[in-house]
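Read off the chains here:
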Amino acid sequence: MSRRGRLRVYLGAAPGVGKTYAMLDEGHRRAERGTDVVVGVVETHGRAHTAARLDGLEVVSRTDVAYRGTVLTELDLPAVLARRPDVALIDEMAHTNAPGLTHQKRWQDIEELLEAGIDVISTVNVQHLESLNDVVQAITGAPQRETVPDSVVRAAEQVELVDMTPEALRRRMAHGNIYRPDRVDAALSNYFRPGNLTALRELALLWLADSVEEGLRRYREQHGIDTTWETRERVVVALTGGPEGETLLRRGARIAARAGSGELMALHVARSDGLAGSSIAALEKQRLLAESLGGSYHSVAGDDVAESVLDFARGHHATQIVIGASRRHPVVAGLTGPGTGMSITRASGPIDVHVVSHDYVGRGRVLPRLRSGVTVRRRVAGVVVSSVLLVALTVGCALSRPALGLPSEMLLFLFVVVLASLIGGFSPAVATAVAASLLINYYFVPPLHTFTIGAPENILAVVIFVVVAVLVSRVVDIAARRSSEAARSNAEAETLSTLAGSLLRGEQSLPALLQRVQETFAVRSVSLLRRRSDAPGSSAEAGRNTASGLRGSWDVLASVGIHPCRRPEDSDTEVAVGDDLLLVLCGRVLAAEDRRMLSAFAAQVAVAYRQRRLAEVAASAGPLAETDRTRTALLNAVSHDLRTPIATAKASVTSLRTKDIAWTEADRDELLAGADDALDRLTDLVGNLLDLSRVQAGVLAVSATPVDLEDVVSRALDHVLPAAAASGAPSPVDTDLTGTALPEVVADGGLLERVVANLVENALRHSPPGRSVRVAASAHHDTVELRIIDVGRGIAVEDRAAVFEPFQRLDDHPSATGAGVGLGLAISRSFVEAMRGTLELEDTPGGGLTAVVALPAAAPATGPSAETVTTEEAWS
């Protein structure tokens, strides 16, 4: 079986950087070394320097493909396969082949050549990479319909960046080395702006860096290399959810920034049992901070925090770890030994560890807080039950003294202690154990009825009884607390799952979230308040740290429930959502264990509020951006397209005013006709611009009345073809409007006349010489369709939406007649839609384009005239 060919790709940030030239240079180098090299396809785009580099290389003839009246030249894949060279040069791998060839895309042709064992050298621009297609469109505003999958380019053995600074590329453009001179001005002011080129260059560099990084990762995996290579700084910041997290993140961001292209990763290690966790609100705030600093947030589960942090760091090839100094009290640290930070430092190996000091170092508790897993009612019940049982057991054992020995009596009292711990938890159990030990000592340990113990073994028995009772009660209490925590965690998980589901279903508006908070915590009302910016003390710290900070002027952003609170001091529970934002609940005071869940809801409320603000900003910025885009396009189009009629009129008038030349009458008529024609085109263009501004401003006035379609078309043709109408010469437009009894249409006569004139002008502009344009109409039911039919080259289906955009022309170049800036179709569709009609484009049978205007009929068509007439029938 033959080997698979090797692929080499020259990657560029924009057209004109020299990818094809570099590919041809490589072809010459290999040919000089004796390699069999052929040129499969090279797109020179009329560039003389590129075409000159083809000299000396064998070129495989292209294949011709007829498509819509045009002959396209494409790569002859069978010819290259039959030639079987060592290396084939295939330009523009993202190119779309003409219909009828073996493959739809040129990169698929390249794949077949590689499978045949032929090495391929190709080129591609960064805007054609699938993963960056939308990013490039957002930067440049120009959609790229030809793409190549990233995996195809990444699979290449070599990807070489052909780089050029934006200034050098713009100089090449200005010198005419990239595009024709008539396209230079538009290109420099649109796609080839310095900002666009800089952004595209950065995208190309970053994509290639990621590709190199992926190749390095594969190499390390293939060779079993697990040590850290400091090719790129990666900083892991370990977060506990404590208050020091923000300090650690900012320090980690500064460390990563000093490395230039460093990567910041925030990491939180959660207990794998899910019972002990950190503040959800604090972690959410730290996640947002990490992302705002350009980093990423990660959460892993593990019982050994140090081991989990190191495993994550090694798995992501981190070079540095940032941890906070321990918050444990010095007494606790001395008793428990080295903490997590020291464990990470000792086992980090080649990874540098930064232990960052902060304001909370050594401020932890000396003694752990003992929390009970049972309610107050159960604790009281435990005390009552143990008291009753101790009295009853003491009386019973005293009456049965000869039959029961001390061990049996102690076991019975131990049973009461265990029962007290099951009912009331640790505190009642400890109290029961102490009381039981005193009762045993007084009533059942010789000498009786004293607290003196005579035999040493009895002392040991009582001490062991107390220790065992305390330990058993502690174990039972921990189990009860864990069970309570597990049940609560399960309830919280279900609540958060419901919240996440509502967000996924689109219920992420503020009222929906506040309604969810009200239902979850069973309160009377929930409100989101924002401190007024002019209110005194409106800082977030004042709002969080002082009681007086909650007073002042507040605005209610959203509220649900009855009698919502409008001030924090009127609420029962409040939680900070963000700077100068509070979530307030009225109806009952939430317990401490409910506030953690409330913090999770507050984090989601903050996200929803930010989304609403961003949506409002985007909504307000949208019209401004559209206006700016239109203004920019208008200026570009005017600077490029108004130049010709203005220059023509100016030259004609200047020539007529020249006293040094004696113009003949014919010359004078010709100059006046040229000026008149130029001014007519200028008048039409200004009229189109004014119409477009009316449409975009939403002030287009439509007076829809029943109008006769034949009259409207006749007036439009008189406007479009005044010379033919006056001279009696044959008209280049054939009409078929009188053969059927067409009903009147509901439309604005003036606007419809402009639509027909624009469409006929467009059809005439693209019709072959000697072929006429046909205007036909048909009626069916309550709609009348007017068809403007030409037999030109037509427009591809995927390009039809673009031609209705302002300042767009087919192939993005002016026609031979120098007409317009691409406003005719855009204005026509706007006018038709304003009259509650539609304007669509269809293929003309045999080649060409048909514009179909559908308008409502003034009265339903009846009889034979109501039959639908197709484009083919109208043309024939």
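Just above sits the structure.
Attention in this report is confined to the structure presented alongside it. (Residues numbered from 1 in each chain as written. Predicted model: local features only at pLDDT ≥ 70, side-chain atom pairs only at ≥ 80, totals over all residues. Heavy atoms only, no water.)

**Considerations on the overall build of the protein**
Within the protein, the secondary structure is distributed over 29 helices and 24 strands. A total of 876 residues make up the protein; the buried ones form 40% of that total. Counting only contacts in the protein whose residues sit at least 6 apart along the sequence, the fraction spanning at least 24 positions is 70%. Total accessible area computed for the protein in this model is approximately 44,500 Å², and 55% of it derives from carbon and sulfur atoms. (Helix = DSSP H or I, 4+ residues; strand = E, 2+ residues; numbered from the N terminus. Buried < 20%, exposed > 50% of the residue type's maximum accessible area, 1.4 Å probe, protein only. Contact = heavy atoms within 4.5 Å. Areas by Shrake-Rupley, 256 points an atom, 1.4 Å probe, with all protein chains shown as cover.)

**Examining the sheet that holds strand β24 (residues 849–856)**
Read across the sheet, five strands follow the order β19-β21-β22-β24-β23 without closing on themselves; strand pairing throughout is mixed. Two strands close off the open sheet at either side, each with one partner strand: β19 (733–736) and β23 (838–843). Strand after strand, the sheet turns through a mean of 20° between neighbouring axes, direction not considered. Relative to β24, β23 runs antiparallel, the two being bridged by six bridges. Within β24, the residue paired with Thr838 across the bridge is Ala854. (Pairing = 2+ DSSP bridges. Axes fitted to C-alpha atoms, helices over the stretch in contact; angles between N-to-C directions.)

**Topic: the pairing of strand β1 (residues 7–12)**
In terms of burial, β1 is largely enclosed, as six of its six residues are buried. Covered by surrounding structure in β1 are Leu7, Val9 and Leu11 together with Arg8, Tyr10 and Gly12, the residues of both alternating faces. Two elements, β1 and strand β7 (residues 119–125), share six bridges in a ladder whose sense is parallel. If you follow Tyr10 over to β7, its bridge partner there is Thr123. Here five bridges tie β1 to strand β8 (residues 158–162), and the two strands are oriented parallel to one another. Residue pairing across strands places Tyr10 opposite Glu160, the latter belonging to β8.

**Details of the sheet that holds strand β13 (residues 352–356)**
Hydrogen bonds between backbone atoms are what pair the strands of a sheet, whose relative direction is either parallel or antiparallel. Taken in spatial order, the five strands make up an open sheet running β11-β10-β9-β12-β13, and their pairing is parallel. With one partner strand each, in any of the chains shown, β11 (296–301) and β13 form the two edges of the open sheet. Across the sheet, the axes of successive neighbouring strands diverge by a mean angle of 25°, strand direction being ignored. Those strands touched by helix α10 (residues 245–258) are β9 (234–239), β10 (263–270), β12 (320–324) and β13, and its axis lies near 175° from that of β9. This element, helix α12 (residues 305–315), spans β9, β10, β11 and β12 of the sheet and lies at about 150° to β10.

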